[in-house]
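Each chain, letter by letter, is given below.
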Amino acid sequence: RNFVHRDIKPDNIFIRSDDTPVLLDFGAARQALCNVPGSHTAVLTEGYAPFEQYSRKGNQGPWSDIYALGAVMLQCVTGKTPVDAPQRATARLRNIPDPISQDFALMRARVSPEFARAVESAMRVVEEERPQTVAELRQLIVGPAREMQRPSASAGPPPPAVTLVPDIARSPASQTPANGARRGRLLRDLCC
């Protein structure tokens, strides 16, 4: 929708009583609209913000929110806040292993290969290496054949694609046991 949120994280995702997700807190997006293009304020949440968000002149766009969405999905699977992007960029520059690689390995043991590849692609340190649109991310998750066979909204939700760690990343407004199952639907609804 030509809007970059710039602060996607578990605390900014609310699950309504009908199990549909709502993305909250568009303050960072609103602030970006008021600034001169190409000169954004550095608004971020460590673990969810991509490297380009750490600089006022970083190349921010849909790929920035895609990184954050990948980080939310990784946390839902592993139960851990992801390593922040500057640590990962430093590791890449020094040609040492990515500090998030163990979390990726844990995720790969718990989800489908397609889903794991999609999350890892979404969380690449260099923005040009990530999916550039939500449609590209969705295609990585569901695959090209299933993308064309997507059910209509009236057909009901597809089955959850991942098994989630219970009781993670709950916002204060979502402190109920039923939200563990809702988190799986959240991932599917945000991407698919």
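Residues numbered from 1 in each chain as written. Predicted model: local features only at pLDDT ≥ 70, side-chain atom pairs only at ≥ 80, totals over all residues. Heavy atoms only, no water.

Trainee: An account of the side chain of arginine 88 is needed here, citing residue identities and associated values.
Mentor: If you trace the backbone, arginine 88 turns up in helix H3 (residues 85-93). Polar contacts involving the side chain of arginine 88 include one to the main-chain carbonyl oxygen of methionine 123, which spans 2.6 Å. In this view, arginine 88 contacts Tyr67, Val83, Asp98, Pro99, Ile100, Phe104, Met123 and Val125; residues no more than four positions away in its chain are not counted. (Helix = DSSP H or I, 4+ residues; strand = E, 2+ residues; numbered from the N terminus. Polar contact = N/O pair within 3.5 Å; in protein donor to acceptor, adjacent residues only side chain to side chain. Contact = heavy atoms within 4.5 Å.)

Trainee: Give me the lowdown on helix H2 (residues 62-78), citing residues and values where you can.
Mentor: Relative to the 24 Å expected for 17 residues at 1.5 Å per residue, H2 spans 24 Å between its end C-alpha atoms, a close match to the ideal helical length. Counted residue by residue, H2 has 16 buried out of 17 residues, so it is predominantly covered. Glycine 79 occupies a position one or two residues after H2 and carries a positive phi of about 80°. (Expected span 1.5 Å × (residues − 1). Buried < 20%, exposed > 50% of the residue type's maximum accessible area, 1.4 Å probe, protein only.)

Trainee: Describe the environment of glutamine 139, naming the residues involved and giving the relevant values.
Mentor: Here glutamine 139 shows up in helix H6 (residues 134-142). Using a relative accessible area of 38% as the deciding quantity, one classes glutamine 139 as partly exposed. Distance in space between the C-alpha atoms of glutamine 139 and glutamate 114 is 9.6 Å, their sequence separation being 25 residues.

Trainee: A description of the side chain of aspartate 84 should follow, citing residues and the corresponding values.
Mentor: Looking at the element boundaries, aspartate 84 is found in the loop between H2 and H3. Buried within the structure, aspartate 84 lacks any salt-bridge partner; its nearest side chain of opposite charge belongs to arginine 88, at an N-O separation of 8.5 Å. Of the polar contacts made by the side chain of aspartate 84, one reaches the side chain of glutamine 87; its length is 3.0 Å. (Lys, Arg positive; Asp, Glu negative; His and termini not counted. Salt bridge = Lys/Arg side-chain N within 4 Å of Asp/Glu carboxyl O.)

Trainee: For the nonpolar core, give the residues involved together with the corresponding values.
Mentor: Residues Met107, Met123 and Leu137 are the most contacted members of the largest nonpolar core, which totals 29 residues. At the level of elements, strand E1 (13-15), H2, helix H4 (101-110), helix H5 (113-122) and H6 are the ones that each hand at least two residues to this core. Ranked by residue count, the leading element in this core is H2, at 10 residues. Among residues more than four places away in sequence, those in contact with methionine 107 are Leu74, Val77, Thr78, Ala116, Val119 and Glu120. (Core = buried A, V, L, I, M, F, W, Y, C linked by side-chain atoms within 4.5 Å.)

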